[in-house]
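Below, each chain spelled out in residue letters.
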Amino acid sequence: MYFSTLAILSFFSFLAGFALAAPTEFALEARNATGLSARDSNARLTWYDVGLGACGKTNKASDYVVALNAAEFGSGYPGPHCFKQIKITANGKSATATIVDQCPGCPKGGLDLSKGLFSHFANPDVGVLTGSWSYL
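Residues numbered from 1 in each chain as written. Predicted model: local features only at pLDDT ≥ 70, side-chain atom pairs only at ≥ 80, totals over all residues. Heavy atoms only, no water.

*Asks:* Quick rundown of the packing of aromatic side chains? Include the residues and the values.
*Replies:* Scanning the entire structure with this criterion turns up one aromatic pair. When the centroid spacing of 5.3 Å and the interplanar angle of 75 degrees are considered together, the rings of Trp-133 and Tyr-135 count as edge-to-face. Side by side, Trp-133 and Tyr-135 carry an identical accessibility label, which is buried. (Phe/Tyr/Trp six-rings, centres within 6.5 Å; stacked < 30°, edge-to-face > 60°. Buried < 20%, exposed > 50% of the residue type's maximum accessible area, 1.4 Å probe, protein only.)

Here it is, written out as structure tokens:
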């Protein structure tokens, strides 16, 4: 009796270990929410005059850099997304850029691009583009 009870408990403990190790839907969803995955496929893209950014680096207009919207930029110094590379696609073109600043006026998912980067996609006189971006 003792042996069979011990064997049954061991078997169920063994199975429970697999259940705990397997990623649940919640765990996968949480990983995607905090991981570096695609962010926005309908992003508002604008341009700004770069300088000393919230990440602590000074850039020039020709640099392919962006300011990330405040909702996703995060807190602390430097922000958790500072210097991360992203791929931006708009008007049938793509480019790689680096997050170096925060955009307090951008909507969630939106980016402010350096003038040089915006010029890669369109004439800055256009002012606003719609595009997509994701972390690399």
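Once you've had a look at it, read on.
*Asks:* Pulling in residues and values, what's your account of unusual backbone geometry?
*Replies:* The linkage connecting Tyr-77 with the following residue, Pro-78, adopts the cis geometry, with an omega of -10 degrees. Turning to its location among the elements, Pro-78 is positioned in the loop between helix H3 (70-73) and strand E3 (85-90). The backbone of Phe-83 shows a phi angle near 70 degrees, a positive value even though the residue is not glycine. Within the fold, Phe-83 resides in the loop between H3 and E3. Residue classification places Phe-83 among the partly exposed residues on the basis of a relative accessible area of 40%. Phi is positive for Asn-91, close to 50 degrees, though the residue is something other than glycine. For Asn-91, the location among the structural elements is in the loop between E3 and strand E4 (93-103). (Helix = DSSP H or I, 4+ residues; strand = E, 2+ residues; numbered from the N terminus.)

*Asks:* Outline the state of the cysteines, supporting the account with residue identities and numerical values.
*Replies:* This model, assessed by the stated rule, comprises two disulfides. Here Cys-55 engages in a disulfide with Cys-82; their sulfurs sit 2.0 Å apart. The sign of the -85 degrees torsion about the S-S bond sets the Cys-55-Cys-82 disulfide as left-handed. Here the residue Cys-55 occupies a position in the loop between strand E1 (38-48) and strand E2 (65-69), and Cys-82 occupies one in the loop between H3 and E3, the gap between them amounting to 27 residues. Across the pair, exposure class does not vary: Cys-55 and Cys-82 are buried alike. Shown here is the disulfide that connects Cys-103 with Cys-106, its sulfur atoms set 2.0 Å apart. Between Cys-103 and Cys-106, the S-S torsion sits near 80 degrees, and that sign places the bridge as right-handed. We note that Cys-103, like Cys-106, is buried. The cystine pairing of the protein chain, numbering bonded cysteines in sequence order, is 1-2, 3-4. (Disulfide = S-S within 2.5 Å.)

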